[in-house]
Amino acid sequence: MRVSSVAIAAALTLASLSTSLSGQRPDDEIDPRSTALVAQARAARAAGQLERATDLLETAVTVDPRNRAGFLLLAAVADQRDLPGKAIRLYREALLLEPNDVAALRGQGEALVKKGAVARARDNLARIRTLCKGNCPEAVQLTGVIAKGPPVTTAAATPPQAKTEGNP
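Cut-offs used in this document
- Residues numbered from 1 in each chain as written.
- Predicted model: local features only at pLDDT ≥ 70, side-chain atom pairs only at ≥ 80, totals over all residues.
- Heavy atoms only, no water.
- Helix = DSSP H or I, 4+ residues; strand = E, 2+ residues; numbered from the N terminus.
- Buried < 20%, exposed > 50% of the residue type's maximum accessible area, 1.4 Å probe, protein only.
- Areas by Shrake-Rupley, 256 points an atom, 1.4 Å probe, with all protein chains shown as cover.
- Core = buried A, V, L, I, M, F, W, Y, C linked by side-chain atoms within 4.5 Å.
- Contact = heavy atoms within 4.5 Å.
- Expected span 1.5 Å × (residues − 1).
- Polar contact = N/O pair within 3.5 Å; in protein donor to acceptor, adjacent residues only side chain to side chain.
- Salt bridge = Lys/Arg side-chain N within 4 Å of Asp/Glu carboxyl O.

Undergrad: Honestly, the overall build of the chain in this entry has me stumped. Any pointers?
TA: Of regular secondary structure, the chain possesses 8 helices and 0 strands. Listing the helices and strands of the chain from first to last along the sequence gives α-α-α-α-α-α-α-α. Taking all 168 residues of the chain together, the buried fraction comes to 33%. Summed over all atoms, the accessible surface of the chain reaches about 11000 Å², with 57% contributed by carbon and sulfur.

Undergrad: Is there a simple way to think about the nonpolar core in this case?
TA: Across soluble globular proteins, nonpolar side chains show a tendency to be buried alongside one another. Ala-41, Leu-57, Leu-90, Tyr-91, Ala-104, Ile-128 and Ile-146 are the most contacted members of the largest nonpolar core, which has 39 residues in total. Among the secondary structure elements, those contributing two or more residues to this core are α2 (32-46), α3 (50-63), α4 (68-80), α5 (84-97), α6 (102-115), α7 (118-131) and α8 (137-148). Per element, the largest residue contribution to this core is 8 residues, and it comes from α4. Once you skip the residues sitting within four places of it in the chain, Tyr-91 turns out to touch Leu-72, Ala-75, Ala-76, Ala-104, Gly-107 and Gln-108.

Undergrad: Just checking my understanding: could you explain α4 for this structure?
TA: Quick reminder: α-helices carry 3.6 residues per turn. Residues three or four places apart thus point the same way. Its 13 residues place the ends of α4 18 Å apart at the C-alpha level, agreeing with the 18 Å of an ideal helix rising 1.5 Å per residue. Taken across its 13 residues, α4 has 10 buried, putting it largely inside the fold. Taken together, the buried positions of α4 are occupied by Gly-70, Phe-71, Leu-72, Leu-73, Leu-74, Ala-75, Ala-76, Val-77, Ala-78 and Asp-79. Where α4 is buried, its residues meet α2, α3, α5 and α6. If you check the start of α4, you find a side-chain oxygen 3.3 Å away from the backbone N of Ala-69, and it comes from Asn-67. Backbone geometry just downstream of α4 places Asp-82 in the positive-phi region, at approximately 60°.

Undergrad: I tried to follow the pattern of salt bridges on my own but got confused; where do I start?
TA: Oppositely charged side chains may form a pair once their charged atoms are brought near each other. This model, assessed by the stated rule, comprises 7 salt bridges. Close ionic contact of Arg-33 with Asp-31 constitutes a salt bridge, the shortest N to O distance being 2.7 Å. Taking the relative accessible area as the measure of exposure, Arg-33 reaches 56% and is therefore exposed. The exposure class assigned to Asp-31 is buried, which follows from its relative accessible area of 7%. A salt bridge links Arg-106 to Glu-110; the nearest nitrogen and oxygen atoms lie 3.3 Å apart. A residue pair is termed a helical-turn pair when its members lie 3 or 4 positions apart in one helix, as Arg-106 and Glu-110 do in helix α6 at 4 residues.

Here it is in structure tokens:
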């Protein structure tokens, strides 16, 4: 009697494990819904609808957090919207999925330069050069951005207060 209940419990455990493992997708298969959302976001970005593209891409990476293309495009849109800090974080997410992605390293390097972190951008450039044995367009682009340097920002001048009749 005792042995039969243990045997039944073991059989149920094995059955549930095999069922859950057979239902999982392979690591390289991205959810088709996520891929479709990325395609819609590309079209929205091309039409200049950056807010809509951002919404679609955030949904795409929520549907499948392994969608590296979604993270890359979301980072590019963030960069286009002048949000380099957000772009850096999103490129990092893409690099967690594929550490040797030279496009993500270049994009992150460019965003780092915009934030003023030129030394970290040079680290990305060195890594790109290590990955690309020959002449690599990503290395050339990032070299140009680093040479140009971070954007110069100036303090916005406050407009003078308008004089009213009672105030001198």
